[in-house]
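Read off the chains here:
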Amino acid sequence: TGKSIFHGFNKNKTIADQLLKKGFYLSFGASILTGKHDETLASAPIDQLFLETDDVQLDIRTLYAYMAQLKKISLEELKNTVFNNYQLVFG
């Protein structure tokens, strides 16, 4: 079965929870830096998340650093998990 990613996810936690429960992946962009998605990101399974900078001129490392700190995991663990997510979806 195919995997689906909600690109540029910018909705609320309730919608995120519903999508994650159904097995979808969520991809977040620069909007995470505002803090408005902190609760959603903190509770979301890391193995269903992606990060992106498609919509803005921003170094992706900034998003990875923010997410790693929020999830209380190492940057290396975050990178490995997102890469694994990529392989599961596109491999």
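Residues numbered from 1 in each chain as written. Predicted model: local features only at pLDDT ≥ 70, side-chain atom pairs only at ≥ 80, totals over all residues. Heavy atoms only, no water.

Examining a nonpolar patch on the surface
Filter applied, for reference: Residues forming no salt bridge and having over 30% relative accessible area are the ones grouped into patches, like charges within 9 Å of each other and nonpolar side chains (Val, Leu, Ile, Met, Phe, Trp, Tyr) within 5 Å. Every accessible area reported is derived by Shrake-Rupley at a probe size of 1.4 Å, with residue values counting cover from the shown protein chains alone. Salt bridges are counted wherever a side-chain nitrogen of Lys or Arg sits within 4 Å of a carboxyl oxygen of Asp or Glu. Numbering goes from the N terminus for both helices and strands, where a helix is a DSSP run of H or I of at least four residues and a strand is a run of E of at least two.
Among the surface-exposed residues, Phe 83, Tyr 86 and Phe 90 lie close enough to one another that they form a single nonpolar patch of about 360 Å² accessible area. In this fold, Phe 90 is placed in helix H4 (residues 75–90).

Examining the packing of aromatic side chains
What counts here: Any two of the Phe, Tyr and Trp rings considered here, Trp counted by its six-membered ring, make a pair once their centres fall within 6.5 Å; the pair's planes then place it as stacked at under 30 degrees, edge-to-face at over 60, or tilted in between. For the exposure calls, accessible area comes from a 1.4 Å probe over protein chains only, and a residue counts as buried if that area is under 20% of its type's maximum, exposed if over 50%, partly exposed in between.
With the rule as written, the count across this model stands at five aromatic pairs. Where Tyr 86 meets Phe 90, the ring centres are 5.1 Å apart and the plane angle is 35 degrees; that geometry is what we call tilted. Linking Tyr 86 with Phe 90, this pair stays in helix H4, spanning four residues, or about one helical turn. Exposure remark for Tyr 86: the relative accessible area of 43% places this residue in the partly exposed category. By way of ring pairs, the aromatic residues Phe 83, Tyr 86 and Phe 90 are connected into one cluster.

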